[in-house]
Amino acid sequence: MTTRLRTTPLPTRLAVAVALLLPAAAFAQTTSQTHAHPTTLDRVQVTATPLGGDAENLAHPVEVLYGDALEDRKAGTLGDTVSSLPGVQSGFFGTGVGRPIIRGQEGPRVQVLSGGIGSMDASTVSADHAVSIEPFLADQIEVLKGPANLLYGSGAIGGAVNVVDGRIAREVPNRPISGRAELRAGSGNDERSGMFRLDGVSGDNLVLHVDGLIRNTGDFDIPGFAQVPEDHDHDHDHDHDHGDEAEENAYGTLPNSSIRTRAGAVGATYFGERGHLGVALSTYRTNYGLPDGAHVHAEEGGHDHDHDHDHDHEEEGHDEHGSVRIDLVQNRVDLKGGIYNPLPFLSALNVRAAYNDYEHVELEGGMPATRFTNKGTEARFEAVQNTFNGWNGAFGLQVGHVDFSAIGEEAFVPPSVTDTLGLFVVQEKEFGPVKLELGGRHERVEIDPVAGESRKFDASSLSGAAIWHLSEVFDLRFGADVSGRAPTNEELFAAGPHIATRSIEIGDADLDTERGQRLEVGLHAHTDRVEFKAAVYQTQFKRFTYLADTGVVEDDLPVRLWTQADATFRGAEAEAKFHLLESDAGDFDLRVFGDVVRAELDGSGTRTVQFAVPHGDHAHNYETDIALGGDLPRIAPSRIGADINWSLGGWRANIGAVRYQKQDRVAALEEPSPGYTLVNAGVAWRVGEADGTQWELFLDGRNLTDQEARPHTSLLRDYAPLPGRTVAGGIRVYF
């Protein structure tokens with residue numbers, strides 16, 4: 001056995017993305033000699049913080065997608081929509097599921113928000129559960145990289161993605177009636193979709209809103225076979241097994257990958273002299289397939305059982321199981337309000353709240369099999385203080401109550417009720433060229449399962465960040481924080497086959513609060529010709545919670561154990577935008593970006609664990625050794641990408657490519673994955689007046705080289721590649 005030695009705390013390859021883009025900083029320095037002032041940037045306001053501000057003026061790392069950039073990157077899932085941002089990738093479980101991955105962290109560590117309140121769906125419970133937010137209806141999407149749990153709780157220890165949809169207005173529009181609409185059709189999956197949004201003003205202070213979306217797609221095209229052929233080193237008893245496998249392995253189209261989505265909302269917001277109040281009613285409904293071969297059932301005959309009904313179940317079940325689809329429905333009520341100057345020392349008192357009723361049913365052969373429900377409420381109260389001795393700040397309270405249930409043959413997590421109570425404070429002040437941001441939060445989480453003892457956790461977080469303006473062109477960014485995360489229901493109490501992960505998952509009811517310590521340094525530069533930003537970061541975790549392979553196999557499924565160990569995430573990311581040319585032939589911009597993340601367990605050797613795998617009225621007890629060192633599983637590979645953007649009058653176009661490197665730094669019992677390159681392009685033509693009605697024709701192409709791509713972050717990479725070449729076109733109208 002070979003041992004990989006690492007003698008440096010931050011490996012040289014860790015800074016690949018920054019090193020590739022450092023010439024941009026030098027170019028910015030040269031350019032600044034003739035352009036002594038920074039570029040005038042679009043100052044889009046970030047709504048995910050109580051003190052507001054634009055992304056560039058916030059010391060904590062934030063990315064915002066809006067306007068044409070958002071239109072050009074919108075996809076059917078939230079993860080795919082934001083995956084072109086540095087440090088952000090997407091999970092994949094068929095085209096119906098794509099959850100954001102921020103700096104290598106995902107699931108219960110990345111909070112997904114709608115209007116600043118959690119989505120309250122079941123997407124963190126399993127990789128095959130979709131996020132219940134429609135990106136095509138978004139006004140802007142805000143990505144908070146690094147811990148965002150000061151405001152949003154321990155579930156945001158790895159970051160947060162906030163979707164701003166305008167269903168509750170932030171201000172009275174300038175026009176009595178405004179809105180937008182889009183019709184789209186695509187090849188590669190026979191997409192047919194349409195959306196609309198309408199905002200109207202009644203009187204001078206009542207804003208009414210309505211929106212809706214319909215999306216239908218067929219099974220999507222793939223460049224080759226759906227499943228990776230079995231390793232030839234595997235032991236096959238009969239040659240004809242290969243032939244049977246080839247017959248079952250789909251080619252050219254991924255079966256059962258179609259989607260049907262419906263979404264819509266109505267809202268009303270009243271603005272008065274002393275405050276505002278808004279309410280929105282929304283629904284999100286989607287029916288999507290899980291690619292065949294990805295959703296398997298445990299074999300009941302793998303062990304000598306004396307119970308005849310086990311064998312009967314096996315024989316009958318496999319005959320009856322068909323393609324699996326998920327039918328998801330979420331109905332939600334959102335409320336947002338505020339009082340201006342409620343007290344002499346407060347400038348505003350704000351409240352955001354939501355009630356959520358979520359359900360999805362897993363259909364096997366069209367028949368209901370497992371039902372997941374999530375009913376809950378969440379509210380956050382924020383008091384924004386008047387400036388005191390140069391300090392601006394806010395403090396508040398967040399409460400949450402979620403009633404989760406899973407019933408059916410694949411309910412590997414027990415029903416539970418989770419109650420959350422959090423207190424937080426954020427403060428900021430400018431000291432000459434330095435802006436300082438500080439914050440703290442204490443949270444109490446109680447998880448009460450339907451069977452077994454409840455668990456209570458305390459999670460405290462402290463955060464500091466600063467911007468040091470070295471000149472009008474350059475500034476340095478610093479960040480340091482200590483954050484905590486309470487374990488989730490599935491990490492504590494999972495006990496049984498989890499079909500989406502093709503494994504048996506066993507929780508640990510004795511897990512403790514996870515703690516992370518992050519350090520980050522960044523550099524930003526802005527001139528008339530260059531915009532550049534880069535960051536390196538490290539997060540050390542105590543009691544990092546992860547799913548470890550045990551090496552035990554039951555019923556042809558590997559047994560994986562939720563466990564804790566110390567771990568370190570190290571990474572770097574960079575992005576540079578060059579304004580190459582302004583001429584009669586159009587304006588040309590070049591964007592280059594890259595990112596890399598490494599995640600390793602800090603220990604060495606192994607430790608012995610004992611666990612039990614339930615089997616009806618009895619359990620199988622095991623003792624095995626798991627590694628205390630090595631790489632963590634399914635960590636996003638490093639990337640580098642570039643795209644050229646052109647605009648002239650009402651025309652704009654772009655073409656770019658992203659290279660995903662091979663991932664060979666893998667966990668024990670995990671296979672490496674090859675690299676691939678995705679090429680995308682788009683063109684749009686807009687006519688009309690900026691202050692009137694505008695029409696736009698567009699054409700977008702994804703994966704234009706028809707590359708076979710199997711993301712390392714996907715649990716499906718051996719069973720379903722990313723879609724092949726897809727071209728979509730349509731018409732948009734803004735008024």
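Residues numbered from 1 in each chain as written. Predicted model: local features only at pLDDT ≥ 70, side-chain atom pairs only at ≥ 80, totals over all residues. Heavy atoms only, no water.

**Brief notes about the overall build of the protein chain**
- When helices and strands are counted, the protein chain shows seven helices and 34 strands.
- Put simply, 68% of the contacts in the protein chain that link residues at least 6 apart link residues at least 24 apart.
- With an accessible surface of roughly 31,500 Å², the protein chain has 55% of that area assigned to carbon and sulfur atoms. (Helix = DSSP H or I, 4+ residues; strand = E, 2+ residues; numbered from the N terminus. Contact = heavy atoms within 4.5 Å. Areas by Shrake-Rupley, 256 points an atom, 1.4 Å probe, with all protein chains shown as cover.)

**Thoughts on unusual backbone geometry**
- Look at Met120: it is not a glycine, yet its phi comes out positive at around 55°.
- Positionally, Met120 belongs in the loop between β5 (117-118) and β6 (140-145).
- Judged by its relative accessible area of 10%, Met120 is buried.
- Phi is positive for Leu669, which is not a glycine, with a value near 70°. (Buried < 20%, exposed > 50% of the residue type's maximum accessible area, 1.4 Å probe, protein only.)

**Let's talk about the pattern of salt bridges**
- Enumeration over the complete set of coordinates arrives at 45 salt bridges.
- Between Arg732 and Glu71 there is a salt bridge; the shortest N-O distance is 3.5 Å. Pair noted here: Arg732 is in strand β34 (residues 726-734) and Glu71 is in helix α2 (residues 67-73), with a separation of 661 residues, a long-range link.
- For Arg732, a relative accessible area of 2% gives the class buried.
- Given a relative accessible area of 8%, Glu71 falls into the buried group.
- For Arg380, the salt bridge identified is with Glu382, shortest N-O distance 2.8 Å. The pair Arg380 / Glu382 is uniform in exposure class, with both members buried.
- A single salt-bridge network, built from bridges that share partners, covers Glu63, Arg103, Lys145, Asp481, Arg518, Glu520, Lys533, Glu573, Glu575, Arg591 and Asp643. (Salt bridge = Lys/Arg side-chain N within 4 Å of Asp/Glu carboxyl O.)

**Regarding the sheet that holds β6**
- In space, the five strands of this open sheet follow the order β1-β6-β7-β4-β5, with mixed pairing throughout. Single-partner strands in this sheet number two, and they are β1 (62-66) and β5. (Pairing = 2+ DSSP bridges.)

**Focus on the packing of aromatic side chains**
- Summed over all chains, the structure comprises nine aromatic pairs.
- Relative to Phe569, the ring of Phe541 lies with its centre 5.6 Å away and its plane at 75°, an arrangement referred to as edge-to-face. Highlighted residues: Phe541 in strand β26 (residues 530-554) and Phe569 in strand β27 (residues 557-583), separated in sequence by 28 residues. By the burial criterion, Phe541 is buried, and Phe569 matches it.
- Seen from their ring centres, Tyr660 and Tyr676 are 4.8 Å apart, and the 15° between their planes marks the pair as stacked. Residue Tyr660 is located in strand β31 (residues 651-660), and its partner Tyr676 is located in strand β32 (residues 676-688); the two are separated by 16 residues in the primary sequence. Each member of the pair, Tyr660 as well as Tyr676, carries the same accessibility label: buried.
- A cation over a ring is seen here: Arg103 above Tyr537, with NZ or CZ 4.2 Å from the ring centre. (Phe/Tyr/Trp six-rings, centres within 6.5 Å; stacked < 30°, edge-to-face > 60°. Lys NZ or Arg CZ within 6 Å of the ring centre and 35° of its normal.)

**Concerning the side chain of Ser119**
- Position of Ser119 relative to the elements: it lies in the loop between β5 and β6.
- We classify Ser119 as buried; its relative accessible area is 6%.

**Regarding the confidence of the model for the protein chain**
- Taken residue by residue, the protein chain gives an average pLDDT of 87. The fraction at 70 or more is 88%.
- In the model of the protein chain, helix α6 (residues 308-320) stands out as the element of lowest mean pLDDT, 38, in contrast to strand β10 (residues 206-217), which has the highest, 98.
- Confidence drops under a pLDDT of 50 for residues 1-41, and excluding neighbours within four residues, the segment shows 73 contacts in the predicted structure.
- Long-range and interchain partners of residues 232-245, a stretch whose pLDDT sits below 50, account for seven contacts in this model, where long-range means more than four residues apart. (pLDDT = per-residue confidence, 0-100.)

**Some remarks on the side chain of Thr624**
- The topology assignment puts Thr624 in strand β29 (residues 618-631).
- In terms of polar contacts, Thr624 uses its side chain to reach the backbone carbonyl oxygen of Thr550, at 3.1 Å.
- For Thr624, the contacting residues outside a window of four places in its chain are Thr550, Arg607, Thr608, Val609 and Phe611. (Polar contact = N/O pair within 3.5 Å; in protein donor to acceptor, adjacent residues only side chain to side chain.)

**Some remarks on the pairing of strand β18 (residues 392-408)**
- As paired strands, strand β17 (residues 367-385) and β18 are joined by 15 bridges and run antiparallel to one another. If you follow Arg371 over to β18, its bridge partner there is Ile407.
- The antiparallel hairpin formed by β17 and β18 contains six residues in its connecting segment, where Asn389 sits at a positive phi of about 55°.
- The pairing of β18 with strand β19 (residues 416-431) spans 13 bridges and is antiparallel. The residue bridging Gly400 from the neighbouring strand is Thr420, located in β19.

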